[in-house]
Amino acid sequence: MLDTSSKIYVAGHRGLVGSAIWKNLQQRGYFNLIGRSHKELDLLDAAAVKHFFDEQQPEAVVLAAAHVGGIMANLQYRADFIYQNLQIQQNVIGESFRHGIKKLLFLGSTCIYPREAPQPMKEETLLTSSLEYTNEPYAIAKIAGLKLCESFNLQYGTNYIAVMPTNLYGPNDNFHLENSHVLPAMIRKIHLAKCLNENNWEAIRKDIALRPVGGINGDSSQADILNKLAVLGITPQTVTLWGSGKPLREFLWSEEMADASVHVLLHVDFKDTYSSENKEIRNCHINVGTGKEVSIKELAEKIKKEVSFKGELHWDASKPDGTPRKLTDVTKLHKLGWHHKVEIDEGIHRLYKWYLENE
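Predicted model, so just to flag it, every value in this text is computed and none were measured.

### Points about the nonpolar core
Working step 1: By size, the foremost hydrophobic cluster in this structure holds 40 residues, and its most contacted members are Leu183, Ile234, Phe251, Leu299, Ile303 and Leu351.
Working step 2: Mapped by element, the contributors of at least two residues to this core are helix H6 (182-197), helix H7 (201-210), helix H8 (222-231), strand E7 (238-242), strand E9 (251-253), helix H10 (296-307) and helix H12 (344-357).
Working step 3: When residues of this core are assigned to their parent elements, the largest contribution, 8 residues, is made by H6.
Working step 4: Not counting the four nearest positions on each side in its chain, Leu351 is found in contact with Tyr169, Gly170, Pro171, Asp173, Phe175, Leu183, Ile187 and Trp253.

The following block contains the structure:
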């Protein structure tokens, strides 16, 4: 069992989930936390990772570091998504094993499930049919990661747990207009359209100065900013979004994902993740979500209302939708003692407030 003085390495401690896990551990009294930025430790560098473990000797590891992005990034950078994630996992999980750490928590994604998986998706539907094409390389990397944990446990008696979160959003999210996930990208697009609609150039320049867009920054000319935003579907009157808006998605507040992760890290062991009656032990990972879903179109309307944008939302059906539906079955998580509390409307309100306060 880990106590509050246990040295815990949080890989990816500045990211969306990693930063929330770090904060959650601190709130629970854990004070011996270690983290390294990408500049301080490149997790793709096996020798550097080995040196870090040799030097720090952590007792537990949370592997929240990953190369992530939305549909466009997954389509364009397929090799990066599979190669970088496999390398990160091999290096961190491998060194964790070689250094005899007590507990490891691996964070994956529910995109590991087949495109046509029965809904809601149970853990046992893993590897039963084809994956969604757009994120297949990323999904394969994450499947490899959870199987690495599972296999080490079965062969060597380690205690590595894999959790598969649904779509996450929250403080420190990535609001990049081309490479971020759907919810934060929508918030920023609709916010910028509102500012254009209200001719609030001070707010627009402030936004783009903090988060430059494709060579455009806060000092760019009005014409250049307008042209770039228009290319991205953002105008004073309309916001054009990818796809039909019909797919259904489940969203979990990142701080709740952190709470679920820390709950699993502290209170769940590998033996708790499968039935002792099973002759073949597999699918020991745990879904983490709300068990509730919303259509992308409904989500966009909720954000439009929260932002108070007076224009219209348009949908570009020529762009891919991705998986039609991705609802998780969270029965296993509930049995292990954790339930979500933040619903989607409250989460959108919190995230937009955070965004405005961090401009």
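### Some points on the environment of Gly289
Working step 1: Note on placement: Gly289 falls in the loop between strand E10 (286-288) and strand E11 (294-295).
Working step 2: Residue Gly289 is classed as buried on the basis of its relative accessible area of 2%.
Working step 3: For the pair Gly289 and Leu168, spaced 121 residues apart in sequence, the C-alpha to C-alpha distance is 8.9 Å.
Working step 4: Ignoring anything within four residues of it in the chain, the contact list for Gly289 reads Thr166, Glu250, Leu252, Thr328, Val330, Leu333, Trp338 and His340.

### Details of unusual backbone geometry
Working step 1: Residues Gln119 and Pro120 are joined by a peptide bond in cis, for which omega reads -10°.
Working step 2: Along the chain, Pro120 turns up in the loop between strand E4 (103-107) and helix H5 (136-156).
Working step 3: Positive phi outside glycine occurs at Asn172, with the angle close to 70°.
Working step 4: Turning to its location among the elements, Asn172 is positioned in the loop between strand E6 (167-169) and H6.

### Digging into the environment of Val213
Working step 1: The topology assignment puts Val213 in the loop between H7 and H8.
Working step 2: When its relative accessible area of 5% is taken as the criterion, Val213 is described as buried.
Working step 3: Separated by 85 residues in sequence, Val213 and Thr128 place their C-alpha atoms 40 Å apart.
Working step 4: The contacts of Val213, once residues within four sequence positions are left out, are Leu177, Arg188, Ile208, Lys228 and Leu232.

### Side note on the environment of His191
Working step 1: Here His191 lies in helix H6.
Working step 2: Here the alpha-carbon distance between His191 and Ile93, two residues 98 residues apart in the chain, equals 40 Å.
Working step 3: In this structure, His191 is in contact with Asp207, Val307, Tyr352, Tyr355, Leu356 and Glu359, ignoring residues within four places of it in sequence.
Working step 4: At 2.9 Å, the side chain of His191 and the side chain of Tyr352 are in polar contact.

### Digging into the pairing of strand E3 (residues 60-63)
Working step 1: Neither face of E3 is exposed, since Ala60 and Val62 on one face and Val61 and Leu63 on the opposite face are all buried.
Working step 2: Relative to E3, strand E1 (residues 8-11) runs parallel, the two being bridged by 4 bridges. Bridged to Ile8 within E3 is Ala60.

### Here we look at helix H4 (residues 78-98)
Working step 1: In this model H4 runs 30 Å from its N-terminal to its C-terminal C-alpha over 21 residues, within 8% of the 30 Å that 1.5 Å per residue would give.
Working step 2: Buried positions along H4 lie against helix H2 (46-56), E3, helix H3 (71-76), E4, H5 and strand E5 (160-165).
Working step 3: Positive backbone phi, approximately 60°, marks Gly100, located one or two places after H4.

### A few points about the side chain of Arg211
Working step 1: Relative to the helices and strands, Arg211 is located in the loop between H7 and H8.
Working step 2: Those residues in contact with Arg211 that lie beyond four places of it in its chain are Phe175, Arg188, Trp354, Tyr355, Asn358 and Glu359.

### Observations regarding the pairing of E4
Working step 1: Taking burial as the measure, the 5 residues of E4 include 5 buried ones, the bulk of the element.
Working step 2: Inspection of the sheet shows E3 paired to E4 by 4 bridges, in the parallel sense. Across the sheet, the residue bridging to Leu63 is Phe106, located in E4.
Working step 3: Where E4 lies against E5, 4 bridges are found, and the strand directions are parallel. In the strand pairing of E5, Leu107 is matched with Val163.
Working step 4: Regarding the hand of the β-α-β motif, the stretch spanning E4, H5 and E5 is right-handed.

What counts, and where the lines are drawn
- Sequence order sets the numbering: in each chain, residues are counted from 1 along the sequence as written.
- At least 70 in pLDDT is required for a residue's local features to be given in this predicted model, at least 80 for side-chain atom pairs to be given and counted, and no such filter applies to totals for whole chains, interfaces and linings, which use all residues.
- Working from all heavy atoms in the structure, the side-chain values ignore hydrogens and water.
- In these notes, a set of buried Ala, Val, Leu, Ile, Met, Phe, Trp, Tyr and Cys residues joined through side-chain atoms within 4.5 Å is what counts as a nonpolar core.
- Burial classes follow relative accessibility: with a 1.4 Å probe on protein chains only, a residue under 20% of its type's maximum area counts as buried, one over 50% as exposed, and anything between as partly exposed.
- Starting at the N terminus, helices and strands are each numbered in turn, a helix being any DSSP run of H or I of at least four residues and a strand any DSSP run of E of at least two.
- Throughout, a residue-residue contact means that at least one pair of heavy atoms, one from each residue, lies within 4.5 Å.
- The term polar contact refers here to a pair of N or O atoms within 3.5 Å; inside protein, the definition further demands a hydrogen-donor-capable atom paired with an acceptor-capable atom, and it admits residues adjacent in sequence only when both atoms are side-chain atoms.
- Strands pair, by our definition, only if DSSP identifies at least two bridges between them.
- Multiplying 1.5 Å by the helix residue count minus one yields the expected span of that helix.
- A clockwise course of the path from the first strand over the helix to the second, judged with the strands pointing away from the viewer, identifies a crossover as right-handed.

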